[in-house]
Amino acid sequence: LDAHGHAKLRPMARIDGMVVSAGRDPRGLPVQAGDLEVVGRVKDMWIDVPEQLVRYLEVDLNNGTSRLIPMTMAKIWADRVRVNALTSDLFPTIPATKASDTVTKLEEDKISGYVAAGWM
């Protein structure tokens, strides 16, 4: 939570007036796993509102579910987003969030630990 008791991390689509001001907007780009398979498309960016910084990419997977990917584990190219840390079969097992518009600290830890452990 921020200093006013509001969720600090929120989907960009739900924040009025928030736009991408620099760099490539990855929404709509295909997401490529470390084995070069396309696992889905970027649906949204989750913003740390007080810091005005992208923390996660929300990915609509090919199986119909959505998962968050830490921004630090993604490389944005002109025509795709690549996540080298995981192979395509591991994306559906990334820990999910309970709510569609908030992420808890425990969920963040689980997501970051899972994706980063793939790199290790």
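Residue positions are given per chain, counting from 1 as you read along its sequence in written order. With pLDDT at 70 or above as the cut-off, local features in this predicted model cover only qualifying residues; side-chain atom pairs require 80 or more to be listed or tallied, and sums for whole chains, interfaces and linings still use all residues. Derived side-chain values reflect all non-hydrogen atoms in the structure, with water molecules and hydrogen atoms excluded from consideration.

A. Inspection of the nonpolar core at higher detail. Judged by nonpolar contacts, the single largest core of 27 residues is most densely connected at Val-31, Val-81, Phe-91 and Ile-94. Only DSSP runs of H or I with at least four residues qualify as helices, and only runs of E with at least two residues qualify as strands; both kinds are numbered from the N terminus onward. For this core, the secondary structure elements donating two or more residues are strand E2 (30-33), strand E3 (38-48), strand E4 (53-61), strand E5 (66-70), strand E7 (81-83) and helix H1 (105-119). Should any heavy atoms of two residues lie within 4.5 Å, those residues are counted as being in contact. When near neighbours in sequence (up to four residues on either side) are disregarded, Val-31 contacts Glu-37, Val-38, Val-39, Gly-40, Arg-41, Val-42, Val-59, Val-81, Val-83 and Phe-91. Put simply, a nonpolar core is a bunch of buried Ala, Val, Leu, Ile, Met, Phe, Trp, Tyr and Cys residues held in one set by side-chain atoms that sit within 4.5 Å of each other. Here's how the labels work: a residue is buried when its accessible area is under 20% of the maximum for its type, exposed when over 50%, partly exposed in between, all with a 1.4 Å probe on protein chains only.

B. Representation of the pattern of salt bridges. The salt bridge criterion pairs a side-chain nitrogen of Lys or Arg with a carboxyl oxygen of Asp or Glu, the two atoms within 4 Å. Evaluation of the coordinates by the stated rule reveals six salt bridges. Here Arg-27 and Asp-25 are joined by a salt bridge, their closest N and O atoms 2.6 Å apart. Note that Arg-55 and Asp-48 form a salt bridge whose closest N and O atoms lie 3.0 Å from each other. Judged by relative accessible area, Arg-55 falls into the partly exposed class, the value being 34%.

C. The arrangement of the side chain of Glu-108 in detail. Mapped onto the elements of the fold, Glu-108 is located in helix H1. Buried Glu-108, no salt bridge; nearest opposite-charge side chain is Lys-105, N-O distance 4.2 Å. For Glu-108, the contacting residues outside a window of four places in its chain are Leu-9, Tyr-56 and Val-103. Residues scored as charged are limited to Lys and Arg (positive) and Asp and Glu (negative), so that His and the chain ends carry no count.

D. Up close: the layout of surface pockets. Residues are said to line a cavity or pocket when one of their atoms sits within 4 Å of a point; the points come from a 1 Å grid over protein atoms alone, cavities being sets where a 1.4 Å probe fits but cannot get out and pockets being open sets with protein on both sides within 12 Å along at least five of seven lines. Grid points are joined across faces, edges and corners, and a volume is the space filled by probe spheres set on the points. Computed from the structure, the largest pocket encloses a volume of approximately 270 Å³. For the largest pocket, the lining is made up of 16 residues, of which Val-19, Val-20, Ser-21, Ala-22 and Val-54 are closest to its centre. Amino acids are sorted into nonpolar (Ala, Val, Leu, Ile, Met, Phe, Trp, Tyr, Cys and Pro), charged (Asp, Glu, Lys and Arg) and polar (every other residue, Gly among them). Of the residues assigned to the lining of the largest pocket, the class counts are 12 nonpolar, two polar and two charged. In this structure, the second largest pocket encloses a volume near 230 Å³. Every residue along the wall of the second largest pocket is listed here: Leu-1, Ala-7, Lys-8, Leu-9, Asp-48, Arg-55, Thr-102, Val-103, Thr-104, Lys-105 and Glu-108. For the lining of the second largest pocket, the residue count by class is four nonpolar, two polar and five charged.

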